[in-house]
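These are the residues of each chain, in order.
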Number of protein chains: 2
Amino acid sequence: MPDFSIGVDLGGTNLRIAAVSGEGQLLEKVTLGTKVALGRDHVIDEMCDAIQRLSEKYRATGKFLGAGIGVPGIIDMQTGMLRKSANLPGWADYPVRAEIERRLGLLKNVARVVLENDANVAALGEQWLGAARGVLNMAVVTLGTGIGGGIVLGGKIWHGMNGMAGEFGHVTLEPEGHPCGCGNRGCAEQYASASAIVRMARESIASGQAPSLAKAASSDAEFGAESIYNLAIQGDEHARRIFRSFGRYLGILLSDLINVLNLDMFVIGGGVSSAWDAYAPNMFEELRERSLVYAATAPTDPLRSDLLGKEEGASAQTESLTERKTIITCALLGSDAGLFGAARVAVPAS
Amino acid sequence: MPDFSIGVDLGGTNLRIAAVSGEGQLLEKVTLGTKVALGRDHVIDEMCDAIQRLSEKYRATGKFLGAGIGVPGIIDMQTGMLRKSANLPGWADYPVRAEIERRLGLLKNVARVVLENDANVAALGEQWLGAARGVLNMAVVTLGTGIGGGIVLGGKIWHGMNGMAGEFGHVTLEPEGHPCGCGNRGCAEQYASASAIVRMARESIASGQAPSLAKAASSDAEFGAESIYNLAIQGDEHARRIFRSFGRYLGILLSDLINVLNLDMFVIGGGVSSAWDAYAPNMFEELRERSLVYAATAPTDPLRSDLLGKEEGASAQTESLTERKTIITCALLGSDAGLFGAARVAVPAS
C-alpha cells in the first residue's frame, strides 16, 4: 500500500485538493470554489476539512506524509507566512502554515505542512511527473495574464535568498518599453503574456490597420488572447504578427535565462503556452541567434523539440556532457502541475 | 601544520601559481610569463614544474590536497578537456587534465587535479576569502574587455548543464542594439565593459561634440577606459555621460539577474569595477526601479553598499529572511580571486 501526501492549489478562484501517492499516482482530486470573500479563516477551514477527509480515507492504504499548499504570492519559507499576494487580499502577514498546522493538529500522523509559491510547485510538478520528468535542473515559464517562473535545481525548488527567485516576468526586455504594473518599464510580461497579446491587438485596432481584429473585438464579448490565436491559425496577418512578436520576446527571455543558468530544460506552461505553433518559430529563431548555449546544443529539429524533449530529457543523464541539449518544451500537466508539485513538497527528502 | 592546495591561473599572458593553506592563507605565489606561442606542452611543463616545486616545499608543513587550474574557456568537467578558448589557441579538445595528471603522477600524494573556468574560480575566490566571505549564494560579474560571470550556489560553483552557466555578458539588453562578437545584437558586454566605454568615447569623438575626449585620445597613446574614467572624475561631462550609460546598463543586467536568481550578493570585479564612483549611482537607480527583489530589500544607503556588504554578508545567515538584503559590492581580491578560487576547487568537499 502506497504512502501518500496531499497537495493543495489555493488559487484566487478555485481551491483544489488532491491525494497523491509517493510514486506520483493521483488517488483523488477535489475541486471547491474558494469563497475568498468569506475570509481566510473560512478558506482555511474548508481546506483543512478536505485534507482531513482525504487523509483519513487513504490512511488505510499507507502512511500520510504531509500536506503541501501552493499559494499565489511571496512566502517567507522560514515562518510559513504569506508576505504578499495580489490574489488573496487580507492574507499578508497571516501565519498560514501555523493556522493549518493548528487545525490539523488532531491528525496524529501529519508529517508536515509546507507552504510554497504556486509557480514553484508548478515547476516541481512538471519536473516530477510532467515534461521534465527525470531532468534535475529545469525551469518553468508560465505564460498567463502575466509571466510566472519557477526554478528547480538538483531536483529541488530554488528559492533564492528570500523566496523571490524566478521572477521571469520582470526581466527587462526593452529598457524604454511599455510601463509595467510593477512600476518598471519594458518587463517581459509586457511582451509575452496574454495581456500583452490583447494590448498589441488593441493597438493594432486603434491604428485602424487591422479591420479583422476590430471586427472580432466588437463581435466577441470574450475577445482575448484565445480569439486572437484563433484568427492567427486561420491565417489573419495582423493576428499572426502579434504572435510573431510574442515569440520573439519569449525567445529573448529564454536566451537570457539559458545564458545565465545553462539549465537542461525550460518548460513553457500557462494558458498561452498552447499557442505553440503560432509563436514557436520566432522563439526558436531568437534562441539560435541569442543563446550561445542553445546554439551550441540545439536539437537538430527545434520545431519538434517539444517531442524531442520528452525523449531526450529522460536520457539526459546518461549522455555525455557535450552531447546534451537545451530543451524547450511545452508543459504536460496543465493546471495539475501545481497540485502534484504541492503534494511533492510535502514529502520529506529521502 | 596546515594542509594546502595549489591554485593556477592560466591566462593568455601570465601563468600564476600559488600554494594556499586549507584555511585560505597564501603560502607562496609565483608569476611566470606564459609562452603560449611555444605551445601547450611547454606551458603545461612549466606549470607542472612549478606545482611540483611548491608541493614538495610545503609538504613538510602539511598534506598536499590537490591542484586547481583556472582556464579561460569552456571546460568539459567530466573529461577535463578544454572545449573552446579564445585566449589559448590550439588547446581545444586537448586532454589538459589528463596531461597534468600524467606529469604529476610522480607525486604520490596528489589528491586530485581540477580544471575550472576562470570566471568560476574568481567567483569562488571572492566567496571563500573576498567580498562574499560567508555568503553561500552569490555571483561575480567581471567587467573587463568583455563581461564574465560566475555563480556560486550553496558554496559551490554552479556549472549548469555543460559548464556554460554565468554567460552574463551575452544577456540581451537592447534587442536591436550593437552587434556583438558572439554574432548576436545588444549583448550586455556591448554596453557595460571596457570595450563599450571606448566605443562610446569613439562615437562621441566622431560626432565632433566631445573635444575633451578627442584631445585625450590624440595625446594619449594608451587612451582607453582608464583615461576616460580619469576625465570623468575630473568632471568632464562627456566622459561622465559615458559612465552614466555604463552604470545604467550594468544596473539593468543586475536587476535581471536578481529577479531571476534572488541571490544574496553580487560582486562586481574586473578592471573597470574600480570606476565604482563614476557608474554606481546610475546602477543603483536602475536596480531600485527594475528589481522587485532589490527594491524590497535594498540597503538604506545603497551608495555605501560596498561597505555594508562586507558587514552584512558575514551576518546574513543569522538574520531573519525578511530582513536580508541584496548586496551589490566591489570585488576585494583583484586578480588573486581566481588564484585562490583555483586552490579552493582542488580541496575535496568536507
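In what follows, the structure referred to is the one given above.
Residues numbered from 1 in each chain as written. Chains lettered and ligands numbered in written order. Predicted model: local features only at pLDDT ≥ 70, side-chain atom pairs only at ≥ 80, totals over all residues. Heavy atoms only, no water.

A. How the structure looks around the environment of B:Ser274. All names here are of chain B. Secondary-structure assignment places Ser-274 in the loop between β11 (265-269) and α8 (276-290). According to the relative accessible area criterion, Ser-274 is exposed, its value standing at 54%. The spacing of Ser-274 and Arg-59 is 215 residues in sequence and 38 Å in space, taken between C-alpha atoms. In terms of polar contacts, Ser-274 uses its side chain to reach the backbone carbonyl oxygen of Gly-271, at 3.0 Å. (Helix = DSSP H or I, 4+ residues; strand = E, 2+ residues; numbered from the N terminus. Buried < 20%, exposed > 50% of the residue type's maximum accessible area, 1.4 Å probe, protein only. Polar contact = N/O pair within 3.5 Å; in protein donor to acceptor, adjacent residues only side chain to side chain.)

B. View of the pairing of strand β8 (residues 138-143) of chain B. Residues and elements named next belong to chain B. Where burial is concerned, most of β8 is hidden: 5 out of the 6 residues are buried. As judged from the 6 bridges shared by β8 and strand β9 (residues 147-153), these two strands associate in the antiparallel manner. When the bridges of β9 are listed, Val-140 appears paired with Gly-150. In this antiparallel pair of consecutive strands, β8 and β9, the connection spans 3 residues. Where β8 meets β11, 5 bridges bridge the pair, whose relative direction is parallel. (Pairing = 2+ DSSP bridges.)

C. Molecular detail of the interface of chain B and chain A. Taken together, the 50 residues of chain B in the interface contact 50 residues of chain A. Viewed at the interface, chain A and chain B are joined by 2 salt bridges. For B:Glu176, the salt bridge is made with A:Arg248, and the minimal N-O distance between the two is 2.6 Å. Run the count over chain B and chain A and you get 28 residue pairs in polar contact (both at pLDDT 80 or more). Those elements that provide at least two residues to the side of chain B that touches chain A are β9, α7 (237-261), α8 and α9 (292-297) of chain B. Top contributing element to the side of chain B that touches chain A by residue count: α7(B), with 8 residues. Taken together, the residues of the side of chain B that touches chain A sort by class into 21 nonpolar, 16 polar and 13 charged. (Contact = heavy atoms within 4.5 Å. Salt bridge = Lys/Arg side-chain N within 4 Å of Asp/Glu carboxyl O. Nonpolar A, V, L, I, M, F, W, Y, C, P; charged D, E, K, R; others polar.)

D. Examining the relation of the copies chain B and chain A more closely. Superposition record for chain B on chain A: RMSD 0.0 Å, screw rotation 180°, translation along axis 0.0 Å. Taken together, the turn and the small shift mark the pair as related by a two-fold rotation axis. Most of the interface of chain B is mirrored in chain A, where 100% of its interface residues are also at the interface. (Least-squares fit on C-alpha atoms with pLDDT ≥ 70 in both.)

E. Summary view of the sheet that holds β11(B). Residue and element names in this part refer to chain B. If you trace the 5 strands from one edge of the open sheet to the other, you get β10-β9-β8-β11-β12, paired in mixed fashion. The sheet terminates laterally at β10 (156-157) and β12 (327-330), the two strands that pair on one side only. By the bridge criterion, 4 bridges tie β11 to β12 in an arrangement that is parallel. Bridge pairing in β12 places Phe-266 opposite Ile-328. Sitting on the sheet, α7 is in contact with β8, β9, β11 and β12, with an inclination near 155° to β8. (Axes fitted to C-alpha atoms, helices over the stretch in contact; angles between N-to-C directions.)

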